[in-house]
Structures are given as structure tokens and as C-alpha cells.
Amino acid sequence: SFPRVSSSGVRPFSTASGGRVRHSLRIEGTAMAWSVPQLVRRGRSVIPESSISDLLELFPIDTCLNVKRGASRFFMYEEHTPNKIKDAAGAATTIAVTPCEFGALLAECDGSHYYWTAPMASVAPDLLREKFDWYSDLHDESDRPLLDPRGPSLWMGTSGSGTQCHYDVANNIILQLHGTKRVRCYSPSLGLRHLHVFPDAHPRARKSQVDFDDVDFGRFPHFEDCPAPSLDVVLGPGDMLKIPAFWFHHVENGKLSYSNENAIDGPSASLNSFSLSKPMLVAQQIFKQGSRLGRGELEDRIISVLRARGVRLLENLNINNPNEWIERNLLEARFTPIGNFDERDTFQENKVELTKRQMDDAEACVDGTMPYFEQIITEQDESGDGVGIAQLVALHLMELWAVKLVGAGAVGRAWREALV
């Protein structure tokens, strides 16, 4: 049911030296139909009349819901593990409640914000069966083999709560069921340049570090000249929004003082249905091909390896000044705000140059990824942002190299040394 990887011809990508990459793989089995966010008002002619109480009544009464609670109104997925960069903010508070108790929390205003999401089948199979068994109809036929096998998820939150601006690597359909939801969408190119995304080795990877309510422009200078979002919309019951993979979206539930007049004060509920995205499937091949490192031969040349690979990659992607691009979009945007530079003064091996064989190996590894990058760029239609997606994937690959060589805690410092 998943797309297969097979050999196929594609125009080879030019390498920095003017050579040609003669081999290629392509992901087959789905069209690159998701290019820009698409809003459909009353996306389904009839949706179930669904108050919060209606939805929760179909949950087993003894179901345990793990609900996030916070003084801050924005929530995000976090993955705290020992091999991640240490998160100074710590994990969000989670409370265990019954559906009845959660309904009361959503209705009350106790000064805290509450947010919950889970696959519908895992917590309320009767709800999925009785009201939403048609959810796959939201997707084009070509997408249905790629749907999340867990089925659709429910998202519920108090008025004013939301999810911090982020991007997903899967395509996402939001169907609003109850209340309203404001969604602002930003292109991948805009996001990587202006939204100060957390590093990939951070527990909050793929999320913006910027507090949209109270921006610290000294800490996040690139946000100051951030253009308006590509789409800024308030969803009401029955409205559907398709968000392509790698597009950033900032979500707010209910009514806020500066919200669109169509926003309604009160809790919000939506159905979310994810499907595998073609850019993600192609990116997996990039990481598989491009992450190979001969650690035993490179221990005294780590920084030189990073520099050689980074420059080669960005030049192949037609970025004119790789050092300037790394400084802005990797270091200033991601690592400077979290201070990921201060564990050691320097890497002593920084000045050790690569042998010709090592340089050839580094460049060949990068060149082998370029047909995949080109596939991401060229298979978006003219309205899409394949270049932005490719650059986000390149940032991930550059961080992956450093994590393998120096560990998550020293990625920013290693790339800083690579620019010296």
C-alpha cells in the first residue's frame, strides 16, 4: 500500500564542478498534488452536528485522556530523550482526566489553557464508526493508500489555546467540527528564513521558537521583516483546510481580541487526517544516501568534513554564498537563540585539511543525493515551493551530519567552527 522506490530516468542535477549525476531513484505511486494550502468552505455538504458534549458522549466513560495544561496558550509536540538537546523550558504539564471531566475543563475558564489530541480509533472507536467512517472521502483517491493507518485524530482545546507555528512532514487535512479555529500558513521558504525553527535535535523540532504574542526581536531578528502569511483564515464548522507537508501553520482556537470577527468565543474541536507526503518519502532517500560517514577515518577532520559537505550541498542547490546562508539560516535562525555554542571553546582539529580521497568521498556522498533534491524541486507545480522544501531538507541533512560526528549538544558549535 506504500509507494515503492524504483529505478527511473530523470534529468541529472548539475554538481558544483559541472559534472553530472548519472543515476537516480524516483518515488512512484502518488502525484505531487499538494502544493499550496487549499481552503474549502463547507468542505462536506453535511457533517454531523457536533457539540463538544456530543463528541465526548461517544467516548467510553472510563477512558483516560492525557490532556496538556499550561499557562501559555500555545502547545506543541515534544520528544524529550537523553540524546536530544537539553530543553530549558522542560516538558509541558499533562493531566489524566475522564471525558466528562475534560468537557467541564473546556467549558470553564480557570486561567489555564487545555489541549488534547489523539487518534479517534484509540479513544472513541464508536465515534469513528457512527459519525466519521467517511473521513477517507476528504482525500483524493490517489492519497487514500497513503493515509495514516491510525485513522483520523481529534483535536480539542479551550478558547484561546492553539498549536505553536510548525510544519509537519505529512499532508494534513483539518475539518472543523465545533467552534472556530484561526490558521495562518507560511511557505517553507518563508519559514526557514524568518520563523527561527528549533534545531532538529531539539525536543521541539520543526516548531518556531518565536512567541507570536510577545516577540523578542533582539533574540529573533529575522522575524521582524517576516512577510504576511500566505493564508490567514478562520475555520467554522464544516470548513476544510488542506495543508501540504513542510508548510508552516500557526493555529489558534476560539475568540481572541485581535481575531477575525467570524471567530467564536468557546472551545474548539476538529478532525485531522494525515497522509504520507511525496516530499517526505523522497527526503528519506536523501537521508539514507547522504548520512553515511566513515567516523573512524574522520575523527581528526570532523570540522573539515562538515565544511566540505555543506559547501558542496549548497552550491549544488544553486546557493551562491554557502557560508552566508549557513550563518543566517542554520546558526542565527536556529542555534543562536538557544545558545548552543558554549560547551568548548573550539575543536582543535578545525585546521586539519582533508586528503584528496576524503574530499572526493565527501563530495561523492553529497552528489548522490542531488537527484532526490531535484525531484522535490521539479515535481511541485508552479504554485508550490519545492525550493523551500528542498532547503528545509538540506538543513536537516546538515544537522544530521553534525549529530553523527559531534553529538546533539555540539551541533551549533561545530557548524560555527566550520565557517571559520
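Residues numbered from 1 in each chain as written. Predicted model: local features only at pLDDT ≥ 70, side-chain atom pairs only at ≥ 80, totals over all residues. Heavy atoms only, no water.

## Description of the overall build of the protein
What counts is decided by this rule: Helix and strand definitions here come from DSSP, where helices need a minimum of 4 consecutive H or I residues and strands a minimum of 2 consecutive E residues; each element is numbered from the N-terminal end. With a 1.4 Å probe rolled over the protein chains alone, any residue whose accessible area is under 20% of its type maximum counts as buried; one over 50% counts as exposed, and the rest are partly exposed. By definition, residues are in contact when any of their heavy atoms lie within 4.5 Å. Computed with the Shrake-Rupley method and a 1.4 Å probe, the accessible areas treat only the protein chains shown as cover for residues.
Scanning the protein for helices and strands turns up 13 helices and 15 strands. For the protein, with 420 residues in total, the buried portion stands at 57%. Here the contacts in the protein between residues at least 6 apart in sequence split such that 84% fall between residues at least 24 apart. Carbon and sulfur atoms form 49% of the exposed surface of the protein, whose accessible area is close to 18200 Å².

## Some details on the sheet that holds strand E6 (residues 93–97)
Our working definition: Should DSSP find at least two bridges between two strands, the strands are regarded as paired. Convention adopted: a line fitted to C-alpha atoms gives each axis, helices being fitted over their contacting stretch, and angles between N-to-C directions are expressed from 0 to 180 degrees.
Strands sit in the order E3-E13-E10-E15-E8-E7-E4-E6 across an open sheet of eight strands; the sheet is antiparallel. Each edge of the sheet is formed by a strand with only one pairing partner; in this case those strands are strand E3 (38–40) and E6. Strand-to-strand twist across the sheet, computed as the mean angle between neighbouring axes with direction ignored, equals 25 degrees. In this structure, strand E8 (residues 153–157) lies alongside strand E15 (residues 268–276), joined through five bridges in antiparallel fashion. The residue bridging Met156 from the neighbouring strand is Ala269, located in E15.

## As for the nonpolar core
Stated precisely, the cut-off is as follows: Residues grouped as a nonpolar core are buried Ala, Val, Leu, Ile, Met, Phe, Trp, Tyr and Cys residues, joined through side-chain atoms within 4.5 Å.
Among the nonpolar cores identified, the biggest contains 57 residues, and Leu306, Leu313, Phe373, Val393, Met398 and Trp415 are the most heavily contacted of them. Residues within four places of Val393 in sequence aside, it is in contact with Phe246, Ala283, Ile286, Phe287, Phe373 and Ile376.

## Comments concerning the sheet that holds strand E11 (residues 181–186)
On the basis of which strands lie adjacent, the open sheet formed by five strands has the order E5-E9-E14-E11-E12 and mixed pairing. Each end of this open sheet is capped by a strand with a single partner; those strands are strand E5 (74–75) and strand E12 (231–235). In terms of strand pairing, strand E9 (residues 162–167) meets strand E14 (residues 248–253) through four bridges, oriented antiparallel. Residue Gly162 lies in a different strand from E14, and its bridge partner there is Glu252.

## Digging into helix H13 (residues 411–418)
An α-helical segment advances 3.6 residues per turn. Residues three or four places apart therefore align on the same side. H13 sits mainly inside the fold: seven of its eight residues count as buried. Buried within H13 are the following residues: Val411, Gly412, Arg413, Ala414, Trp415, Glu417 and Ala418. Looking at the buried side of H13, the elements it contacts are helix H8 (302–316), helix H9 (322–335) and helix H12 (386–406).

## Looking at the environment of Cys109
By the element assignment, Cys109 lies in the loop between helix H2 (99–107) and strand E7 (113–119). Separated by 157 residues in the primary sequence, Cys109 and Gly266 place their C-alpha atoms 9.8 Å from one another.

## Quick look at the pattern of salt bridges
Side-chain pairs of opposite charge can arise where the charged atoms are in close proximity. Going by this rule: The salt bridge criterion pairs a side-chain nitrogen of Lys or Arg with a carboxyl oxygen of Asp or Glu, the two atoms within 4 Å.
The tally for this structure, following the rule as stated, stands at 16 salt bridges. Note that Arg150 is salt-bridged to Asp148, the shortest N-O span being 2.7 Å. Glu252 serves as the salt-bridge partner of Arg182, at 3.5 Å between the closest nitrogen and oxygen. Taken together, the residues Arg182 in strand E11 and Glu252 in strand E14 connect sequence positions 70 residues apart. Glu252 carries the same exposure label as Arg182, and that label is buried. One connected set of salt bridges, linked through shared partners, spans Arg73, Arg182, Arg184, Asp213, Asp232 and Glu252.

## What to know about the pairing of strand E4 (residues 65–70)
Judged from the five bridges that link them, E4 and E6 form a sheet pairing that is antiparallel. Directly across from Val67, in E6, lies its bridge partner Ile95.

## Here's the deal with the side chain of Thr163
Along the chain, the position of Thr163 falls in strand E9. With a relative accessible area of 8%, Thr163 lands in the buried category. Residues within four places of Thr163 in sequence aside, it is in contact with Phe74, Phe75, Tyr115, Trp155, His250 and Val251.

## Details of unusual backbone geometry
Here His196, not a glycine, exhibits a phi torsion of approximately 50 degrees, which is positive. Here His196 shows up in the loop between helix H5 (188–194) and E12. For Asn318, which is not glycine, the phi torsion reads 65 degrees and is therefore positive. Judged by its relative accessible area of 62%, Asn318 is exposed.

## As for the packing of aromatic side chains
The geometry of an aromatic ring pair is captured by two quantities: the separation of the ring centres and the angle between the planes. The test is simple: When two rings of Phe, Tyr or Trp (its six-membered ring) have centres within 6.5 Å they constitute a pair, described as stacked for plane angles under 30 degrees, edge-to-face for angles over 60, and tilted for the intermediate range.
Tallied over the full model, the rule gives nine aromatic pairs. Measuring from centroid to centroid gives 6.4 Å for Tyr186 and Phe212, while their planes differ by 80 degrees, and the two rings are edge-to-face. Linking Tyr186 in strand E11 with Phe212 in the loop between H5 and E12, this pair joins segments that are 26 residues apart in sequence. With relative accessibility at 4%, the residue Tyr186 sits in the buried group.

## Description of the confidence of the model for the protein
Applied cut-off: On a scale of 0 to 100, pLDDT captures the predictor's confidence in every residue.
Per-chain confidence: the protein averages 82 in pLDDT, with 80% of residues scoring 70 or above. Of the regions scoring below 50 in pLDDT, residues 1–32 engages in 76 contacts with residues more than four places distant in sequence or in other chains.

## What to know about the environment of His166
Stated precisely, the cut-off is as follows: Nitrogen and oxygen atoms within 3.5 Å of one another constitute a polar contact, given that in protein one can donate a hydrogen and the other can accept it, and given that sequence-neighbouring residues count only through two side-chain atoms.
You can see His166 is positioned in strand E9. Since its relative accessible area comes to 11%, His166 is described here as buried. Taking C-alpha positions, His166 is 8.6 Å from Ala205, a pair spaced 39 residues apart along the chain. If sequence neighbours within four positions are ignored, His166 has contacts with Arg206, Lys207, Trp247, Phe248 and His249. At a separation of 2.8 Å, a polar atom in the side chain of His166 contacts the main-chain carbonyl oxygen of Gln164.

## Observations concerning helix H10 (residues 356–367)
Heads up, the rule is: Expected span, for any helix, means 1.5 Å times one less than how many residues it has.
Taking 1.5 Å per residue as the helical rise, H10 with its twelve residues ought to reach 16 Å, and the 16 Å between its terminal C-alpha atoms agrees with that figure. Every buried residue of H10 is accounted for by Gln358, Ala362, Cys365, Val366 and Asp367.

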